[in-house]
Amino acid sequence: MALLNVDNVVKRFGGVTALRGVSLVIREGEILGLIGPNGSGKTTLVNVITGVYPPDSGKVIYEGRDITKMPPHLRCRMGIARTYQIPRPFNNLTVLENLMVSILNGRRHGKISVDEAKELAEDILEVVGLSKLKDYQAKSLNAQGRKRLELARALGAEPKLMLLDECLAGLTPSEVSEMLSIIRRIRDEKNITILMIEHLMHAVMNISDSVVVLNEGMKIAEGKPEDITDDVKVAEVYFGDRELALKFVKR
Amino acid sequence: MKRYLGFIVIYFILIALSLISTAYLEIVYYTLFLMVISQSLNILMGFGGLYNFGHAVFIGIGAYVFALLVVQGLSPYVSMIIGGVASSFVAFLIGMLTLRLRGPYFAICTLCLVPAFKYLIVGGKIAGGAAGIVLLRHLIEAYNPYILTYILLLLSVIITLLTLKMSTSSLGYSLKALREDHDAALTSGVDATRCRVIAFILSALFPGIAGGIVAFKIFWVMPETVIDLTWSIEAILIVLLGGSGTVMGPILGALVYEALKDLLMRYFPGLQLLIFGLLVVILISMAPEGITGLLSNRFKRLKGFLI
């Protein structure tokens, strides 16, 4: 069943058209990989889905409801949470307090007391492996810690749909595999649908149920990961050369 | 208990000072007035990160509502509270319009509030226009400087308890999150306008009540005396000096400011705000969390008292 429908979304910034009529479907329970070269509109699409930018035209439909004009905080409360590509922690708050913000405000299941929120926060920090750092200020975290905090804050809202914007970028190989196992665990244990933007091909091909490829604001391919790797158009975009792409795909 | 100890000590010292002589009473009165306006400003500025230059308007509204009611024969103490509520109501109206704006835009908007309110009264000939309302006849019998000072003390204690409670409440976390990163707070489910409007309403209540006290003290409300941009600026300087976003900050800030101001006025009459601003800039560049931050970094033992 479709959890989210993005229908023919167009987004312009002045003279630049970041999205030229993108449509995609995210089915409940899947991990959908969203890939594409830099500047292809991936993050803009996440911003449109979460309500940071209103689209110039097109619709975003979530659980059958048109949410195109809904403000971001209400979308969060309906179960759409995200992480930021460049982590945006609340620097002068502790790790635990960062999480309290989303638990106290963004929860899908309604408001709870501060004490209950603290307990939930500790549980989530356990899942992402930040328990030991809970009383440190967020600005003192390293890159890996920040990425995990982004994930934790998104989880705090008890989402149905999580949009992960390059949550693996900048991590070492061992950190990447830890993060991937956390993401799998989230999907399986908490039954959360995931849209994942990623540049790390082996990771995205490994974990995704299906993949969508964007280029210059348009969807150029979608399908199973193995079909995408054999797609000439996708290879062409990534290699920048048709001959090379054909050689690669044949192999 | 430990977290309250620092506050209790300070309030007791102030009460003791006020009993020494009427000259000291005057100093304590003014210190407490500065505490009340800067502590209330801190709710929106310290937690929410929004600079409000219009804080003096709330003092003015409180003073005017107080005057209009006292002239009708209402008890001055009831009038003070109604003045506070009225100023909160105005904050609600202004907030609904301006708190959708982010940081600097909101600051500029509030900067216009003081002159706008002044001209509204003078130009519109509201409540006596530029001449104002004289209250001497209505209040001279009830006047007691001790009572006025202790009302300010009570207000200050209430704001202290409120901000202590707020710093670990849902509203407090949300405001701090908005201060740190607006967009990330929105996508974490924070309703920005609602949180800020509530903070603004709370922040306007106390200067509104204090406005009534100012009017009581000088027996005369007129635009020149009860709507003074200097108060807005003093409150902002005190919050920055003491430590923005801390509970103790505005209290320490007001104490230091009042002590320093006397010295500066004696040696550099007329230049005190200028020199003071310079001092604050130097202090902030060395210790972004003001006196409170400076002290708790230097003296680890004090950390528990400086919240």
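Above this text you will find the structure in question.
So, a few notes on the structure that sits alongside this text. What you see is a predicted model; the values in this text were computed from it and never measured.

So, how was this worked out
- Residues numbered from 1 in each chain as written.
- Chains lettered and ligands numbered in written order.
- Predicted model: local features only at pLDDT ≥ 70, side-chain atom pairs only at ≥ 80, totals over all residues.
- Helix = DSSP H or I, 4+ residues; strand = E, 2+ residues; numbered from the N terminus.
- Buried ≥ 20, exposed ≤ 12 C-beta atoms within 10 Å, placed from the backbone.
- Contact = placed C-beta atoms within 7 Å.
- Nonpolar A, V, L, I, M, F, W, Y, C, P; charged D, E, K, R; others polar.
- Axes fitted to C-alpha atoms, helices over the stretch in contact; angles between N-to-C directions.
- Parallel < 35°, antiparallel > 145°, perpendicular 65-115°, else oblique.
- Left-handed = near helix turned anticlockwise from the far one by under 90°.
- Pairing = 2+ DSSP bridges.
- Expected span 1.5 Å × (residues − 1).

Turning our eyes to something else, we now look at the overall build of chain A. If you tally the helices and strands in chain A, you get 10 helices and 10 strands. Along the three orthogonal principal directions, the C-alpha set of chain A runs to about 60 × 40 × 35 Å. When burial is assessed residue by residue, chain A has 45% of its 251 residues classed as buried. Nonlocal contacts in chain A, meaning residues at least 24 apart in sequence, comprise 66% of its contacts between residues at least 6 apart.

Right, let's get into the interface of chain A and chain B. Between chain A and chain B, the contact holds 23 residues from the first and 18 residues from the second. Of all the secondary-structure elements, those providing two or more residues to the side of chain A that touches chain B are helix H2 (72-77) and helix H3 (95-106) of chain A. Looking at the side of chain A that touches chain B, its residues break down into 11 nonpolar, seven polar and five charged.

Take the packing of helix H3 (residues 55-71) of chain B against helix H6 (residues 113-123) of chain B next. Residues and elements named next belong to chain B. In the contact formed by H3 and H6, the axes pass within 8 Å of each other and the chain directions differ by 30°. Comparing their axes, H6 and H3 come out roughly parallel. For the pair H3 and H6, the sense of crossing is left-handed. Here Ala56, Val57 and Gly60 of H3 come into contact with H6, specifically with Leu113, Val114 and Phe117.

Now for the pairing of strand S2 (residues 16-27) of chain A. Residue and element names in this part refer to chain A. The pairing of strand S1 (residues 2-13) with S2 spans nine bridges and is antiparallel. Looking at the pairing, Val9 lines up with Val22 of S2. The antiparallel pairing of S1 with S2 creates a hairpin that spans two residues between the two strands, and Gly14 there sits at a positive phi of about 60°.

Residue and element names in this part refer to chain A. Spatially, six strands are ordered S6-S7-S8-S3-S9-S10 in an open sheet, and the strand pairing comes out mixed. Two strands close off the open sheet at either side, each with one partner strand: strand S6 (80-82) and strand S10 (218-223). Each adjacent strand pair in this sheet contributes to an overall mean axis angle of 20°, direction not counted.

Residue and element names in this part refer to chain B. The end-to-end C-alpha distance of helix H13 (residues 229-242) is 20 Å, a good match for the 20 Å that 14 residues give at a rise of 1.5 Å each. Most of H13 sits inside the fold, with 10 of its 14 residues counted as buried. Considered for burial, the residues of H13 that qualify are Trp231, Ser232, Glu234, Ala235, Ile236, Ile238, Val239, Leu240, Leu241 and Gly242. Taken together, the buried residues of H13 touch helix H2 (22-47), H3, H6, helix H14 (249-267), helix H15 (272-286) and helix H16 (290-298). The first or second residue beyond H13 is Gly243, which carries a positive phi of 130°.

Attention now moves to the sheet that holds strand S4 (residues 57-62) of chain A. Residues and elements named next belong to chain A. Ordered by their spatial adjacency, four strands build an open sheet running S2-S1-S4-S5, and the pairing between neighbours is antiparallel. Strands with a single pairing partner mark the edges of an open sheet, and in this sheet they are S2 and strand S5 (65-66). With respect to the sheet, helix H1 (residues 42-50) is in contact with S1, S2 and S4, its orientation differing from that of S1 by roughly 115°.

This part takes up the environment of Phe216 of chain B. Residue and element names in this part refer to chain B. Mapped onto the secondary structure, Phe216 falls in helix H11 (residues 192-218). Here Phe216 falls in the buried class, since 27 other C-beta atoms lie within 10 Å of it. Distance in space between the C-alpha atoms of Phe216 and Val70 is 9.7 Å, their sequence separation being 146 residues. Ignoring sequence-local partners within four residues, the contact set of Phe216 consists of Pro76, Leu139 and Leu148.

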